[in-house]
Amino acid sequence: MKTILAAYSGVLKGTGSSILSALQDLPSAIWPCQSKMEKHLQVISVLQWVVSFLALGAACTVLLVYTFCTDCWLIAAIYTAWLIVDWNTPKQGGRRSSWVRGWTVWTYFRDYFPIRLIKTHDLLPSRNYIFGYHPHGIFCFGAFCNFGTEATGFSKKFPGIKPSLATLAGNFRLPVLRDYLMSGGICPVNKNSIDYLLSRNGTGNAVVIVVGGAAESLHCAPGMNSVTLKNRKGFVRLALQKGSDLVPVYSFGENDAYKQVIFEEGTYWRALQKRLQKILGFAPCLFHGCGLFFGDSWGIVPYGKPITTIVGEPITVPKIEDPTEEMVDLYHSMYVKSLQCLFDKYKTRFGLKESDVLYIQ
């Protein structure tokens, strides 16, 4: 009570410094909603990213078309003209913004799960790299937070290395969403874009490829430790052609963010998912998280489970413009072995048992 009276006395004195000083002296019990407010901000920060990724592009496309039918059609025409002129920018290194990557909202995003980035080896700024990220999960929260923002301090942990997270090229055909993604250093996962970053953008570039892609997302579920990698060799061939070192990356907890209904192979619904995957480029998963207001209800807010991303030891790759199948297979097997060793070394530190194994599909 005396502390509260002292604070009130400070307010009555009328100076800003005395008010601030008095308020800072108040015990934390006076602010019972502080931690709850912070949790709400964390939920909002995650939800805005999920909604943006799912609906921002489509909503802005509809809005642009609608604007053409209004008195503001000139604004829509100017934006469309600029969009045409700027069409190839995502394929040419994009337009990253250090300011956007450093937004405070991403620290709330990080702390919701929370997400951590662990460095195991130094990376040389004189080399280029291809990071293979595993597993995909539903939304690749770990990949986005670690490589699409500075929330976990990537630039401080790997000085001189500039990460570029590769995602579906179709996202860069949608107005506003394309600019939002590019501001985080996100690029299309196609040959032209990756070729530019690894051969015409100097050194110190790290292209992050979620190797399992849409096919892997259909198998993700809490407690599942499997990656789609056995027949994924294109990224290894590309590394050989560009002389870029391969770096295995594994995120423990990525699959725990959502629960998913997994249909068995051979069923009608699994066949439909695969057909839509080929048409759309992504897998339409039937998933759910928790509700916005009640943790025990269903919704699109992910579960607040820890995600820890381990960046492994780089595999030195020579530059071979036309690698043979044997050479690709050799470095692919080296990569698979390195990923398995990374998983086995750290699995018991992040909630898994010694008997748990990583399944390569």
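Residues numbered from 1 in each chain as written. Predicted model: local features only at pLDDT ≥ 70, side-chain atom pairs only at ≥ 80, totals over all residues. Heavy atoms only, no water.

With numbering matched to this structure, UniProt assigns "transmembrane region" (unreviewed entry) to residues 46-67. Between the C-alpha atoms that bound residues 46-67 there is a distance of 29 Å. The span itself is 100% helix and 0% strand. (UniProt positions renumbered as here; feature names shortened; annotations may be inferred. Helix = DSSP H or I, 4+ residues; strand = E, 2+ residues; numbered from the N terminus.)

On to the nonpolar core. Trp-49, Phe-109, Phe-113, Phe-131, Phe-141, Phe-147 and Val-311 are the most contacted members of the largest nonpolar core, which totals 51 residues. When near neighbours in sequence (up to four residues on either side) are disregarded, Phe-109 contacts Ser-45, Val-46, Trp-49, Ile-115, Phe-141, Phe-144 and Cys-145. Residues Ile-194, Ile-310, Leu-358 and Ile-360 belong to the second largest nonpolar core, which totals 33 residues. (Core = buried A, V, L, I, M, F, W, Y, C linked by side-chain atoms within 4.5 Å. Buried < 20%, exposed > 50% of the residue type's maximum accessible area, 1.4 Å probe, protein only. Contact = heavy atoms within 4.5 Å.)

Taken together, seven strands build an open sheet; the order of strands is S1-S11-S7-S2-S5-S3-S4 and the sheet is mixed. The outermost strands of the open sheet, each flanked by one partner alone, are strand S1 (115-119) and strand S4 (187-188). In this sheet, strand S5 (residues 205-210) lies alongside strand S3 (residues 162-167) in parallel orientation, the contact comprising four bridges. Opposite Pro-163, over in S5, you have Ala-206 as the bridge partner. Sheet strands touched by helix H14 (residues 325-346): strand S2 (129-134), strand S7 (245-252) and strand S11 (307-311). Its angle to S7, the strand with the most contacts, is close to 35°. (Pairing = 2+ DSSP bridges. Axes fitted to C-alpha atoms, helices over the stretch in contact; angles between N-to-C directions.)

A word on the sheet that holds strand S9 (residues 287-290). Pairing within the open sheet is antiparallel, and its three strands lie in the order S8-S9-S10. The open sheet is flanked by strand S8 (259-260) and strand S10 (298-299), the only strands paired with a single partner. Where S9 lies against S10, two bridges are found, and the strand directions are antiparallel. Considered in S10, the bridge of Gly-289 is made with Gly-299.

Most of S5 is tucked away: six of the six residues are buried. A two-sided burial pattern is seen for S5, the buried positions comprising Asn-205, Val-207 and Ile-209 on one face and Ala-206, Val-208 and Val-210 on the other. When S2 meets S5, the two strands line up parallel, connected through five bridges. The partner of Tyr-129 across the bridge, within S5, is Ala-206.

So, about helix H10 (residues 191-199). Looking at H10, one finds that the buried residues are Ser-193, Ile-194, Asp-195, Leu-197 and Leu-198. Where H10 is buried, its residues touch S2, S3, S4, S5 and helix H12 (234-242).

This paragraph deals with the environment of Thr-61. Relative to the helices and strands, Thr-61 resides in helix H3 (residues 34-67). Residue Thr-61 is classed as partly exposed on the basis of its relative accessible area, which comes to 28%. The contact partners of Thr-61, leaving out residues within four places of it in the chain, are Leu-174 and Pro-175.

This paragraph deals with the confidence of the model for the protein chain. Per-residue pLDDT for the protein chain averages 88, and the proportion of residues at 70 or more is 90%. Confidence over residues 1-32 falls short of pLDDT 50; this stretch has 15 contacts with residues more than four positions distant or in other chains. (pLDDT = per-residue confidence, 0-100.)

Turning our eyes to something else, we now look at the packing of H12 against H14. Helix-helix packing: each pair is described by the crossing angle between the helix axes and the interaxial distance. H14 packs onto H12 with a crossing angle of 110° between their chain directions and a minimal axis gap of 9 Å. Between H12 and H14, the interaxial angle falls into the category roughly perpendicular. Of the two elements, H12 crosses H14, and the hand of that crossing is right-handed. Listed contacts from H14 to Phe-235, Val-236, Arg-237 and Leu-240 of H12 are Glu-325, Met-327, Val-328, Tyr-331, His-332 and Tyr-335. (Parallel < 35°, antiparallel > 145°, perpendicular 65-115°, else oblique. Left-handed = near helix turned anticlockwise from the far one by under 90°.)

This next bit is on the packing of aromatic side chains. Inspection of the entire model under this criterion finds 31 aromatic pairs. Measuring from ring centre to ring centre gives 6.1 Å for Trp-49 and Tyr-180, while their planes differ by 70°; the resulting arrangement is edge-to-face. Residue Trp-49 is located in helix H3, and its partner Tyr-180 is located in helix H9 (residues 177-183); the two are separated by 131 residues in the primary sequence. The same class applies to Trp-49 as to Tyr-180, namely buried. Where Phe-235 meets Tyr-335, the ring centres are 5.1 Å apart and the plane angle is 75°; that geometry is what we call edge-to-face. Of this pair, Phe-235 sits in helix H12 while Tyr-335 sits in helix H14, placing them 100 residues apart in sequence. If you follow Lys-119 out to its NZ or CZ, it ends over the ring of Phe-158, 5.5 Å from the centre. (Phe/Tyr/Trp six-rings, centres within 6.5 Å; stacked < 30°, edge-to-face > 60°. Lys NZ or Arg CZ within 6 Å of the ring centre and 35° of its normal.)

The next point concerns the pattern of salt bridges. Tallied over the entire structure, the rule returns 13 salt bridges. For Asp-179, the salt bridge goes to Arg-95, with nearest N and O atoms at 2.8 Å. Within this pair, whereas Asp-179 is found in helix H9, its partner Arg-95 is found in the loop between helix H4 (73-85) and helix H5 (98-101), the two being separated by 84 residues in sequence. Here Asp-179 falls in the partly exposed class, since its relative accessible area comes to 21%. A salt bridge links Lys-242 to Asp-195; its shortest N-O distance comes to 2.1 Å. With Lys-242 in helix H12 and Asp-195 in helix H10, this residue pair connects regions lying 47 residues apart in the sequence. Of the residues examined, Asp-195 reaches a relative accessible area of 14% and is grouped as buried. If you follow the salt bridges from partner to partner, you end up with Asp-86, Arg-95, Arg-178 and Asp-179 in one network. (Salt bridge = Lys/Arg side-chain N within 4 Å of Asp/Glu carboxyl O.)

It is worth spelling out a nonpolar patch on the surface at this point. Among the surface-exposed residues, Phe-68, Trp-73, Leu-74 and Ile-78 lie close enough to one another that they form a single nonpolar patch of about 430 Å² accessible area. Inspection of the secondary structure puts Phe-68 in the loop between H3 and H4. (Patch = residues over 30% accessible without salt bridge, like charges linked within 9 Å, V, L, I, M, F, W, Y side chains within 5 Å. Areas by Shrake-Rupley, 256 points an atom, 1.4 Å probe, with all protein chains shown as cover.)

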